[in-house]
Each structure stands twice: as C-alpha cells, then as structure tokens.
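Chain and residue survey
Spelled out from the first residue to the last, the chains are:
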Amino acid sequence: MIVFIVALCGVAGLMLPASNSIVSAIDTMHLPLISDRSILFVQELEEFSELSEEDAKLHMINLFSSMDNGLDIQGEPIGGGGDGVLSHGELGIRITRVELERQYMDAIRHVALADKDDDGLLDMNEALDALKDQSREEILKIRFQTADKNRDGWLSINEAIGYFHPDTQPNMFPILVTEVIQALDMNGDLKLDREEVSINSIQSHKSRASIVHAPVDLYSISSLFSMLDEDRDGLLSPRELLKYMEKQYENRITNLVDEIFSIVDANHNNEITPEEMWESHEVFIGRHGEHHHDQVDVDDSNSSQPSIISSTSIEMASNSYATPSFEKHKQTHEEL
C-alpha cells in the first residue's frame, strides 16, 4: 500500500508551491468526499475551479484518454487500453487512486497544522489536540496506538491517514467497532440492541461528541440490523459489526462505480463512451455556478444553487501542504 501511494503521488503530478506559513483558514476547508467529483485529483480540482462549465466539460474529455488504460480495479492490466471506452475496472482504479491521494493530502494537512515541534511527525498530545475532542480522549488514545503501526510513539504521514480516516484503513476497523459501541451502548453490555441503534436513539444523542464524530454511517447500521445480526440473538456483537465494516470497505469502490455506470451508461452496455461522459459531466466534475467563499463544496445536493469548487480554498490547501515541515514529511514518506 505504501509503495502504491508513493507511485500514485507521482501519477497525480502534485505541484506544491513554496510557503513559509500555515494558513489558519485551512481549518474550514475539506476535500470533496470520494463520491463527489470522484475522478479528479487535487491538482485537477484546482484546474477545474478556474474553468467555465463548457471548458470544464472539454477538459474532462481530455482526461478520458488517461483513464482508458486497460487496467482493472486492482491496477492489473486486462487489455482494452485505448479502445475509446471506459470499463468498470478502468473507472474503478482511477477512483481508487484519487481516494488514496485525497487521504494522503488531507493527512499532510492535518499533520502540518498539528505538528507543533515541526519534526514532521505527530506525538500523542499533538494528535489529540488535532481532533479537539476531550469527551473521547481515552478512545482516541487507543486509536492513536492502533494507527502507530511501528509502535514508536509518533505518527508518520501514512500512519496519520489511519488516525484521521480510520474508516478507510482495515487495520483500524477493530477500534472503530469499539468507538461505535461506545457511542451507542446504553446498558454497558458491549453489544447493540435494536433500540440502541434505532434512528430515534441516534438522533436523540446527536449532540454527544461520540455520536457526531463517529466515522461510520450509524444510520446504515440501524436500517440493516436484521441482516447484520447473523446469529439472530437480537444483538449486534463486535464481531458482527467488524464483519459489516470489512464488507463495506471491500465493496466501497465497486458500489460507487456501479452507481456511476447506472447513471452514465445510457445504453447499458457496461461501457462509458466520451459522449456519455459529456452528457453526464456533473457526475464527474460537479455543477458549476456560484462560488462558495473559502470552502470546497462537498455536497451539491444540500444546496439549491449550482456550485463550483472555490479556487480560494484550493489555494489555501496548496499553501498548507507546503508548510516548513513539508519537506520533512516528504522525506520521511519516501524513506518508508
């Protein structure tokens, strides 16, 4: 995985401008979720923010040839590269690489903001301060220890991905199970019954930090209770929750690719043509229109207005990636 991330950073062609300070406003900026603008690397997000809708659509088509590479979702060659259509695998490997790059870039941002001694690593106090959640300090300490794979007491960039994005790292799933149970278990039996995972229960406790910040879709656990309760004892055990998270992770890219194909593949022949990509451009690059000051628009569906990626926020992100400690981060990453 580490080698893959190093390789993809080269593929993405990251350009990091020089800067001598962290822009404090970066704290309000978030990269889009992988389900939003799923084919765009960070640098491309910046490029698209500066284009009109028509130019953005044309530029998107130029990306088509780089995606038409004959790879499957695992990055293995299966033929068909340059055949003028996108397969499920070709779209899947592109989304996988974009997801990895966004996680890596976001980890750099978090470390740069929290790295008080500028050593390119996070100790436990720095990591806890980064999430500013005293109500969950004990569970976050365990998350830190789980993310710290080499047990040296510091988080590197790659380890920080697990700390800040535990729902994307399989080695972090056991601690996520603990976090979910801690958030919802009202009677202390370390299992979850139907009432504890009911939508009403989740909503009534939304003010609790453990609920608000649990990096798992709690509502899906509620709606899928019967399916997850494999032994039919009316309770969700840690083992059953862990199995659910592993299955969700395994299928996350495939499900997203299937969803995109269901929208874009007009003739349902399991291929996407440049024309189909053009017709459904908003699926890949979002809708253009109103600028949202200092913030990347993560979810277009929550706004009645068309949206565009803010070039201001992308510039702030680029500056934060180029903090004084970035070269140390980069050197540490390359050594790994």
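All figures in this text were calculated on a predicted structure; none of them were measured in a lab. (Residues numbered from 1 in each chain as written. Predicted model: local features only at pLDDT ≥ 70, side-chain atom pairs only at ≥ 80, totals over all residues. Heavy atoms only, no water.)

Side note on the pattern of salt bridges
To be explicit about the condition: Put simply, a salt bridge is a Lys or Arg side-chain nitrogen that is within 4 Å of an Asp or Glu carboxyl oxygen. A run of DSSP states H or I qualifies as a helix once it reaches four residues; a run of E qualifies as a strand once it reaches two. Both are numbered from the N-terminal end. Relative accessibility decides the category of a residue: with a 1.4 Å probe and only protein chains considered, values under 20% of the type maximum give buried, values over 50% give exposed, and everything between is partly exposed.
A full pass over the atoms with the stated rule returns 11 salt bridges. Of the charged contacts in the structure, one is a salt bridge between Glu-179 and Arg-143, with a shortest N-O distance of 2.8 Å. Here Arg-143 lies in helix H6 (residues 137–147) and Glu-179 lies in helix H8 (residues 173–184), a separation of 36 residues in the sequence. Comparing Glu-179 with Arg-143 shows no difference in burial state: the two are buried.

Describing the environment of Gln-169
This is how it is decided: Should any heavy atoms of two residues lie within 4.5 Å, those residues are considered in contact. N or O atoms within 3.5 Å of each other form a polar contact, as long as, within protein, one can give a hydrogen and the other can take it, and as long as residues adjacent in sequence are counted only when both atoms are side-chain atoms.
Mapped onto the secondary structure, Gln-169 falls in the loop between helix H7 (157–164) and H8. Given the relative accessible area of 14%, Gln-169 is considered buried. Between the C-alpha atom of Gln-169 and that of Ala-147, which follows or precedes it by 22 residues, the distance is 9.2 Å. With residues near it in sequence (within four places) discarded, Gln-169 still touches Gln-103, Ile-161 and Gly-162. A polar atom in the side chain of Gln-169 sits 3.5 Å from the side chain of Gln-103.

Remarks on the packing of aromatic side chains
The line we're drawing: Centre distance within 6.5 Å is the pairing criterion for rings of Phe, Tyr and Trp, where only the six-membered ring of Trp is used; planes under 30 degrees apart are then read as stacked, over 60 as edge-to-face, and the remainder as tilted. In our convention, an over-ring charge means Lys NZ or Arg CZ found within 6 Å of a ring centre and within 35 degrees of that ring's normal.
This model, assessed by the stated rule, comprises three aromatic pairs. Ring centres of Phe-173 and Tyr-249 lie 5.7 Å apart, and the angle between their planes is 75°; this geometry places the pair in the edge-to-face category. Taken together, the residues Phe-173 in helix H8 and Tyr-249 in helix H13 (residues 238–264) connect sequence positions 76 residues apart. Through a chain of ring-to-ring contacts, three or more aromatic side chains come together here, namely Phe-144, Tyr-163 and Phe-164. One residue, Arg-143, lies across the ring of Tyr-163, its end atom 5.9 Å from the ring centre. Here the guanidinium or amino end of Arg-252 rests over the ring plane of Tyr-249, the centre of that ring lying 4.1 Å away.

A look at the nonpolar core
We count it as follows: Each nonpolar core is a collection of buried residues, namely Ala, Val, Leu, Ile, Met, Phe, Trp, Tyr and Cys, held together in the definition by side-chain atoms within 4.5 Å.
Residues Ile-39, Leu-91, Ile-260, Ile-272, Met-277 and Phe-284 are the most contacted members of the largest nonpolar core, which totals 23 residues. Going through the elements one at a time, helix H2 (42–49), helix H3 (53–67), helix H4 (88–114), H13 and helix H15 (281–285) are the ones with two or more residues in this core. If one sorts the elements of this core by residue count, H13 sits on top with six residues. Excluding residues within four positions of it along the chain, Met-277 makes contact with Ile-39, Met-60, Ile-61, Phe-64, Met-67, Val-264, Ile-272 and Phe-284. Core analysis: the second largest hydrophobic core is formed by 22 residues, Ile-108, Leu-140, Ile-157 and Ile-161 among them.

Notes on H8
How we decide: In this analysis, the expected span of each helix is defined as 1.5 Å times one less than the number of residues it contains.
Compared with the 16 Å implied by 1.5 Å per residue over 12 residues, the 17 Å span of H8 between its first and last C-alpha is a close match. Across the 12 residues of H8, nine count as buried, placing the element largely inside the fold. Within the sequence span of H8, burial applies to Phe-173, Ile-175, Leu-176, Val-177, Glu-179, Val-180, Ile-181, Ala-183 and Leu-184.

A short note on the packing of H2 against H4
The line we're drawing: Angular values range over 0 to 180 degrees, each being the angle between N-to-C directions of two axes fitted as lines to C-alpha atoms, with helices fitted over their stretch in contact. Any angle between 65 and 115 degrees counts as roughly perpendicular, while under 35 counts as roughly parallel, over 145 as roughly antiparallel, and the rest as oblique. Gly counts as polar in this scheme, as do all residues outside two lists: the nonpolar Ala, Val, Leu, Ile, Met, Phe, Trp, Tyr, Cys and Pro, and the charged Asp, Glu, Lys and Arg.
H4 packs onto H2 with a crossing angle of 95° between their chain directions and a minimal axis gap of 9 Å. With respect to their mutual orientation, H2 and H4 come out roughly perpendicular. Residue-level contacts link Val-42, Glu-44 and Leu-45 of H2 to Arg-94, Glu-101, Arg-102 and Met-105 of H4. Residue composition of the contact of H2 with H4, grouped by class: three nonpolar, no polar and four charged.

Focus: H2
Put simply, the test is: Picture the helix axis, draw a direction to every C-beta atom, and the arc is the one those directions span.
Taken residue by residue, H2 has Val-42, Glu-44, Leu-45, Phe-48 and Ser-49 as its buried positions. In a view along the axis of H2, the buried residues occupy a sector of 155°, so they form one face of it.

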